[in-house]
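Okay, here's what each chain looks like letter by letter:
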Amino acid sequence: MTYAKRLQALMFGLAISASIPALAAPVEGRPVEYQLNLQMPVTKIASEINDLHTWMMIVCMVIFVAVFGVMFYSVFKHRRSLGHKPATFHESTAVEIAWTVVPFLIVIVMALPATKTVVAMKDTSNADITIKATGMQWKWGYDYLKGEGEGISFLSNLKTPRSQVGSPGVEPTEARGVNYLMEVDNEIYVPVNKKIRIVLTANDVIHAWMIPAFGVKQDAIPGFVRDTWFKAEQIGVYRGQCAELCGKEHAFMPIVVNVVSDADYTKWVEGEKKKMAALADDPSKVWTIDELKVKGEKVYTTNCVVCHQANGKGVPNAFAALDASPVVLGAKAEQINVLLHGQKSGKYPTEMPGWKQLSDSDIAAVITYTRNNWSNKATENIVQPAEVLAARNK
């Protein structure tokens, strides 16, 4: 009895805490240890999903108890040992109608609120801000298309260091952080209580954009444009991940959305615009080979090392090696074209995506870096941003 009272008090306290979300602001939306239920919802759609989940579980439980209760009662009370004899009737019209009509009515009662929620999930009209999310192996690219922040563009990569992750045959050398595999270098920023439309596509294989606290999960499919939306009602940081098996680095595609106040969002937009302006290099500037190699190493580490590896050897039967590559050692115009437009050689299962989202100087730098690194000593060993700009405008 004592333990029952303690459990009852604990459940009451948890219920009170869950019913007053303002006390927990700002929220940290992510999976937690020993979590038994869905994440705390911070959008109307997510709340409806949680309510439907709970309500339908109750309906299923009532049906389960009723059906098996009647069955076990009948078996126990009418067993042969008590002298009961089996009935000889069959084909009861009333029973046939009852067990057809009653389940049909139950399904209709369950389907009506579910349909209402599904229809609301698909209504992406009248959005305050539209963001394009592009899935790629294995990172996300974001472009702010409409609303405050229009023109902002960035890539979002896994931030968890490899020292925490390790690699096949190599144990991690650092303890895992709180947000292990759920942290990125560039987070999405959105204002609270604003409708955000997410337009989704992919440039290689199928990915999926999922934030459980928003009640959002939508596939990103190459060659197709899908969309979804959310309206976060509480400031906080919300974490999700790619929910479609997309390759060997599938576990390394987290999504982080930082919901902030209107004033903080405006400050972030201004900061990003200044940052982009500073990064917008003059394509007419002539770089030295050393400047390009230093810059190119950073670009390569951020965007290329996952597939082509730090040593440039690639992954056998998966990704091409850049060390001693005929493309890297050949005419630079061909390598510029590959970086801008991608390539499907047929030798590897995964297509090399285009990297038009990188600046002219970034592409020039990373090409110069690969042509002068490892064992590579290309004849055309330097590429200037102006050459990339010319190829981009063809």
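So, a few notes on the structure that sits alongside this text. (Residues numbered from 1 in each chain as written. Predicted model: local features only at pLDDT ≥ 70, side-chain atom pairs only at ≥ 80, totals over all residues. Heavy atoms only, no water.)

### Things to note about the pattern of salt bridges
Put simply, the rule is: The salt bridge definition used is simple: a Lys or Arg side-chain nitrogen within 4 Å of an Asp or Glu carboxyl oxygen. Strands are runs of DSSP state E lasting at least 2 residues, helices are runs of H or I lasting at least 4, and numbering of each runs from the N terminus. Any residue under 20% of the maximum accessible area for its type is buried, any over 50% is exposed, and the rest in between are partly exposed; the area is computed with a 1.4 Å probe on protein chains only.
Evaluation of the coordinates by the stated rule reveals 11 salt bridges. We note a salt bridge from Lys194 to Asp262, for which the minimum N-O separation is 3.8 Å. Remark: Asp262 occurs in helix H5 (residues 262–279) and Lys194 occurs in the loop between strand S5 (188–191) and strand S6 (196–202); sequence separation between them is 68 residues. As a salt-bridge pair, Glu249 and Lys248 come within 2.7 Å of each other at their nearest N and O atoms. What makes Glu249 buried here is its relative accessible area of 7%. Each of Arg162, Lys248 and Glu249 takes part in a single network of salt bridges with overlapping partners.

### Things to note about the packing of helix H6 (residues 289–303) against helix H10 (residues 360–371)
This is how the line gets drawn: Working convention: axes come from line fits to C-alpha atoms, limited for helices to the stretch in contact. Angles between N-to-C directions cover 0 to 180 degrees. Each angle receives one of four descriptions, namely roughly parallel if under 35 degrees, roughly antiparallel if over 145, roughly perpendicular if within 65 to 115, and oblique otherwise. We call two residues contacting when some pair of their heavy atoms lies within 4.5 Å. The residue classification treats Ala, Val, Leu, Ile, Met, Phe, Trp, Tyr, Cys and Pro as nonpolar and Asp, Glu, Lys and Arg as charged. All others, Gly included, are polar.
For the pair H6 and H10, the least separation of the axes is 7 Å and the interaxial angle reads 100 degrees. Judged by the inter-axis angle, H6 sits roughly perpendicular to H10. Two secondary-structure elements touch here, H6 through Ile289, Leu292, Lys293, Lys295, Gly296, Glu297, Val299 and Tyr300 and H10 through Ser361, Asp362, Ala364, Ala365, Val366, Thr368, Tyr369 and Thr370. Broken down by class, the residue content of the contact of H6 with H10 amounts to eight nonpolar, four polar and four charged.

### Focus: the nonpolar core
Put simply, the rule is: Definition used in this section: a nonpolar core is a set of buried Ala, Val, Leu, Ile, Met, Phe, Trp, Tyr and Cys residues joined via side-chain atoms within 4.5 Å.
Residues Trp140, Trp209, Phe214 and Val257 are the most contacted members of the largest nonpolar core, which totals 39 residues. If we skip the residues at most four places from it in the chain, Trp209 touches Ala133, Trp140, Tyr142, Ile188, Ile198, Leu200, Val216, Lys217, Gln218, Phe230, Ile255 and Val257. Within the second largest apolar cluster, 23 residues are counted, among which are Trp355, Leu358, Ala365 and Val383.

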